[in-house]
Amino acid sequence: MTPGVRARPIVLLGDPVLRERAREVEAFDDALRTLVDEMFATMAVADGAGLAAPQIGVSRRILVVDVRHSEGDHARVALVNPVITERSEREARDVEGCLSIPGVKESVRRPVGVVVEGFDPSGEPLRVEAEGLYARALQHEVDHLDGVLFIDYLSPLKRNLLLRKYRKLREAEEDPAG
Ligand code: NI
């Protein structure tokens, strides 16, 4: 990691930046590469599997993913202006959480495999074929760039239960005595 790169605060549910459509990156410059380094650092400190730029308050189409598969493979990638170009017909359910909605998890149905095309932080075209956890993390992060959160996939009943639990957790954190 570049010296001086620090983790940044993570934006939580309720901040409007999480509901905006992030803008395309136009300049593949040092500022972009520093931002990507900060995203990796933020994700590592938070022990997350993925992070999108809006989650640190930057409304730009950038994501990072760092996933360890059960098979021991390690997938670590930064994608700029990513587009999902293929989705498998087969879908599966698995539990998801989000660094912007800490403390709660719920199962979400998604395609098992995807192809994502975009650019690396130097501006070189990058095509990623992913399955399983890796594919799930990529889809979750691309959603963030369109202002979509995993809770949007839940039934109203499940979403309300989850949000109630989340608010209780937040209140307990803000007011430990109460
Ligand atoms: Ni998330």
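Each residue is numbered by its place in its chain's sequence as written, counting from 1. Residue-level local features of this predicted model are given only where pLDDT is at least 70; pairs of side-chain atoms are given and counted only at 80 or more, and the full residue set underlies all totals for whole chains, interfaces and linings. Based on all heavy atoms of the structure, the side-chain values leave hydrogens and waters out of the count.

Engineer: Can you break down the nonpolar core residue by residue, with the values?
Structural biologist: For soluble globular proteins, the rule of thumb is that nonpolar side chains tend to be buried together. Among the nonpolar cores identified, the biggest contains 18 residues, and Val65, Tyr134 and Leu138 are the most heavily contacted of them. For the purposes of this entry, the term helix denotes a DSSP run of H or I that reaches at least four residues, the term strand denotes a run of E that reaches at least two, and both are numbered from the N terminus. Those elements giving two or more residues to this core turn out to be strand S2 (62-68), strand S3 (74-87), strand S6 (113-119), strand S7 (125-131) and helix H2 (132-145). Sequence-distant contacts of Val65, that is, excluding residues within four places in its chain, are made with Phe40, Met43, Ala49, Gly50, Ala75, Arg76, Val77, Tyr134, Ala137, Leu138 and Glu141. Think of a nonpolar core as a cluster: buried Ala, Val, Leu, Ile, Met, Phe, Trp, Tyr and Cys residues, connected wherever their side-chain atoms sit within 4.5 Å. Three labels apply to residues, based on accessible area from a 1.4 Å probe with only protein chains included: buried if under 20% of the type maximum, exposed if over 50%, partly exposed otherwise in between. One finds Phe40, Val58, Val80 and Leu99 within the second-largest nonpolar core, a separate group that totals 16 residues. Only heavy atoms enter the contact rule, under which two residues are in contact if any of them lie within 4.5 Å.

Engineer: Describe in detail the coordination of the nickel ion, supporting the description with residues and values.
Structural biologist: The protein atoms that coordinate the nickel ion are Cys98 (SG), His140 (NE2) and His144 (NE2), at distances spanning 2.1 to 2.3 Å. Distances up to 2.8 Å from the metal define which N, O and S atoms are donors, and 3.2 Å serves for Na, K and Ca; water is absent from the atom set, so sites may look incomplete. When the donor residues of the nickel ion are listed from N- to C-terminus, their spacing reads C-x41-H-x3-H. Residue Cys98 is located in the loop between strand S4 (91-96) and strand S5 (106-111), and its partner His144 is located in helix H2; the two are separated by 46 residues in the primary sequence. Its relative accessible area of 9% is what places Cys98 among the buried residues. A relative accessible area of 1% places His144 in the buried class.

Engineer: An account of the sheet that holds S3 is requested, with residue identities and associated values reported.
Structural biologist: In this scheme, strands are said to pair when DSSP sees at least two bridges between them. Overall, antiparallel pairing links the five strands, which are arranged S1-S2-S3-S6-S7 in an open sheet. Edge strands, defined here as strands with exactly one partner in the open sheet, are strand S1 (50-52) and S7. Each strand axis lies, on average, 40° off the axis of its neighbour in the sheet, ignoring direction. The pairing of S2 with S3 spans seven bridges and is antiparallel. The residue of S3 that forms the bridge with Ile62 is Val80. H2 contacts S1, S2, S3, S6 and S7 of the sheet and is inclined by roughly 160° relative to S2. Note on geometry: axes are C-alpha line fits, over the in-contact stretch for helices, and angles between N-to-C directions span 0 to 180 degrees.

Engineer: How would you explain the side chain of Ser100 if you had to name every residue and give the values?
Structural biologist: Counting through the fold element by element, Ser100 comes out in the loop between S4 and S5. For Ser100, a relative accessible area of 0% puts it in the buried group. Counting of polar contacts relies on pairs of N or O atoms within 3.5 Å, with two restrictions inside protein: one atom must be capable of donating a hydrogen and the other of accepting it, and residues adjacent in sequence are counted only when both atoms are side-chain atoms. For Ser100, the side chain forms a polar contact with the side chain of Gln55, separated by 3.0 Å. Every residue in contact with Ser100, bar those within four places of it in the chain, is listed here: Ile10, Val11, Leu12, Leu13, Leu18, Gln55 and Tyr166.

Engineer: Please give an account of the pattern of salt bridges that cites residues and values.
Structural biologist: By definition here, a salt bridge exists when the distance from a side-chain nitrogen of Lys or Arg to a carboxyl oxygen of Asp or Glu is within 4 Å. Applying the stated criterion to the full structure yields 13 salt bridges. Where Asp152 meets Arg19, a salt bridge forms, and the shortest distance between an N and an O atom there is 2.7 Å. Residue Asp152 is located in the loop between H2 and helix H3 (156-174), and its partner Arg19 is located in the segment before helix H1 (30-45); the two are separated by 133 residues in the primary sequence. Given the relative accessible area of 33%, Asp152 is considered partly exposed. The partner of Arg127 in a salt bridge is Glu129, with the nearest N and O atoms 2.7 Å apart. Since its relative accessible area comes to 59%, Glu129 is described here as exposed.

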